[in-house]
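# Descriptive analysis of the structure
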Amino acid sequence: DHRRRDRRPTDATDTDLGHGLRAVITYHSIDPSGSAISTSESAFLGQMRWLASSGIPVVALDDLLSSLADSDAIALTFDDAFQSFEAIALDLLAEHGFPSTLFVVSGKVGGSNNWESDAASTLPVLPLMDWGGIAGAMETGVTPGSHGRTHRNLTALAQDELDAEVNGSLEDFQRELGVSPTAFCFPYGDATSREREAVARSYRLAVTTELRPVASGDDPYSVPRIDAHYLRGPGRLEAFGTPAFERYMKVRRRGRRLRSSVVRLLGRGK
């Protein structure tokens, strides 16, 4: 297996990552718009077919975090519960026996991702699944998770608003589906210790948008993920576990840090 022979550590040490590569890959919408939250149907189909033939285990999110650090594994998550998940992804995941976690914005179910109210936003406004569709997905083995109640940035909220977003979402799930999700996805990936503590009171784990594989000893309330946006180029996912993949991820992390630093500087200059 050339992937195992060529394995190299990323930013962490060999002790941190073991000799395998474990990663959470997250998708949003499957559509042809080319936006930052979009993966084309053809790219998604190709990636799922490659995963099915790659020999890399595709496991549930919980199982990935508890798996041995010396084993390869991928977990799949889908943010926002767009209708395209139901229309395109669901049957394909079931066909390949791939488990997945669907992070639902509980107060927007059956509506659209109109939380993107910034007039300068280039993201498309797209329809979301309804509760019936989510229940049907669960019947095929999809695990529901919470993405907050209205997709608000939790770091900008007062404590009572934060609690309403985190716990109100649980109430929505219990009322509509009779279940209590155990995984939470921070909207926009933003969370300080205050938000992590609020989530930890009701959930077993939480995921972020930190762009890297999972390492041993990671905080279960700060689980990193690799956004499919960075895997849309030819051969990107197919290089999983190789030195080329790890170099590419390192470059993309540096680019994100640089952009974040520029945004902070511009904000302070206003």
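Model, not experiment: these values are computed from the prediction.

### Quick look at the pairing of strand β1 (residues 22–27)
- With 6 of 6 residues buried, β1 is to be regarded as a mostly interior element.
- Every second residue of β1 is oriented toward a common face, with Arg-22, Val-24 and Thr-26 on one face and Ala-23, Ile-25 and Tyr-27 on the other, all of them buried.
- The pairing of β1 with strand β4 (residues 73–79) spans 6 bridges and is classified as parallel. From the neighbouring strand, Ala-23 faces β4, where its bridge partner is Ile-74.
- Both β1 and strand β9 (residues 226–227) contribute to a ladder of 2 bridges, which runs parallel. Directly across from Thr-26, in β9, lies its bridge partner Asp-227.

### Here we look at helix α7 (residues 159–177)
- Helix length check: α7, at 19 residues, gives a terminal C-alpha distance of 27 Å against a target of 27 Å (1.5 Å per residue), a fit within 8%.
- At Asn-167, α7 shows its strongest bend, of approximately 25°.
- Residues of α7 that are buried in the fold lie against β5 (101–104), α6 (131–139), β6 (143–146), β7 (183–185) and α8 (193–200).
- Phi turns positive, to about 70°, at Gly-178, one or two residues after α7.

### Observations concerning helix α3 (residues 41–54)
- Taking 1.5 Å per residue as the helical rise, α3 with its 14 residues ought to reach 20 Å, and the 20 Å between its terminal C-alpha atoms agrees with that figure.
- The set of residues buried in α3 consists of Phe-44, Gln-47, Met-48, Trp-50, Leu-51 and Ser-54. Down the axis of α3, the sector holding all buried residues measures 160°, keeping them to one side. Exposed side chains of α3 directed beyond 90 degrees from the buried face belong to Ser-42, Arg-49 and Ser-53.

### Some thoughts on the environment of Leu-205
- Residue position: Leu-205 is located in strand β8 (residues 205–207).
- We classify Leu-205 as buried; its relative accessible area is 3%.
- Distance from Leu-205 to Gly-145, taken between C-alpha atoms, is 10.0 Å for residues 60 residues apart in sequence.
- Excluding residues that lie within four positions of it along the chain, Leu-205 makes contacts with Leu-61, Asp-62, Leu-65, Thr-182, Ala-183, Phe-184, Pro-220 and Tyr-221.

### Topic: the nonpolar core
- The biggest cluster of nonpolar side chains holds 43 residues, and the ones touching the most others in it are Phe-44, Met-48, Leu-51, Leu-76, Phe-78 and Phe-85.
- Elements that contribute at least two residues to this core include exactly β1, α3, β4, α5 (83–96), β5, α6, α7 and α9 (243–268).
- Here this core takes 6 residues from α5, the largest share from any one element.
- Look past the residues within four positions of Met-48 in its chain and what remains in contact with it is Tyr-27, Leu-76, Leu-92, Leu-93, His-96 and Phe-98.
- Counting 13 residues, the second largest nonpolar core, distinct from the first, contains Val-59, Leu-64, Ala-75 and Ala-183.

### Looking at the side chain of His-151
- Position of His-151 relative to the elements: it lies in the loop between β6 and α7.
- Separated by 3.3 Å, the side chains of His-151 and His-147 make a polar contact.

### So, the pattern of salt bridges
- Throughout the structure, instances matching the rule amount to 10 salt bridges.
- A salt bridge links Arg-212 to Glu-210; its shortest N-O distance comes to 2.8 Å.
- The salt bridge partner of Asp-218 is Arg-212, with a shortest N-O separation of 2.8 Å.
- Given a relative accessible area of 21%, Asp-218 falls into the partly exposed group.
- Judged by relative accessible area, Arg-212 falls into the buried class, the value being 19%.
- Where salt bridges share partners, they join Arg-149, Asp-172, Arg-175 and Glu-176 into one cluster.

Criteria and thresholds
Residue indices begin from 1 for each chain and proceed along its sequence in written order. Side-chain atom pairs in this predicted model are given and counted only at pLDDT of 80 or more, local residue features only at pLDDT of at least 70, and totals for whole chains, interfaces and linings cover all residues. Hydrogens and water molecules were not included; the side-chain quantities draw on all heavy atoms of the structure. Burial status follows relative accessibility: with a 1.4 Å probe on protein chains alone, a residue under 20% of its type maximum counts as buried, one over 50% as exposed, and anything between as partly exposed. Put simply, DSSP H or I for four residues or longer makes a helix, DSSP E for two residues or longer makes a strand, and each gets a number counted from the N terminus. Two strands are said to pair when DSSP picks up at least two bridges between them. Take the residue count of a helix, subtract one, and multiply by 1.5 Å to get its expected span. The seven residues ending at a residue and the seven starting there each receive a fitted axis; the angle between those axes is the bend at that residue. For this analysis, residues touch if any pair of their heavy atoms sits within 4.5 Å. The arc under discussion is defined with respect to the helix axis, by the directions toward the C-beta atoms. Among buried residues, the Ala, Val, Leu, Ile, Met, Phe, Trp, Tyr and Cys ones that are joined through side-chain atoms within 4.5 Å form a nonpolar core. Two N or O atoms count as a polar contact when they lie within 3.5 Å, although within protein this holds only if one can serve as hydrogen donor and the other as acceptor, and sequence-adjacent residues are included solely when both atoms are side-chain atoms. Salt bridge, as used here: a side-chain nitrogen of Lys or Arg that lies within 4 Å of a carboxyl oxygen of Asp or Glu.

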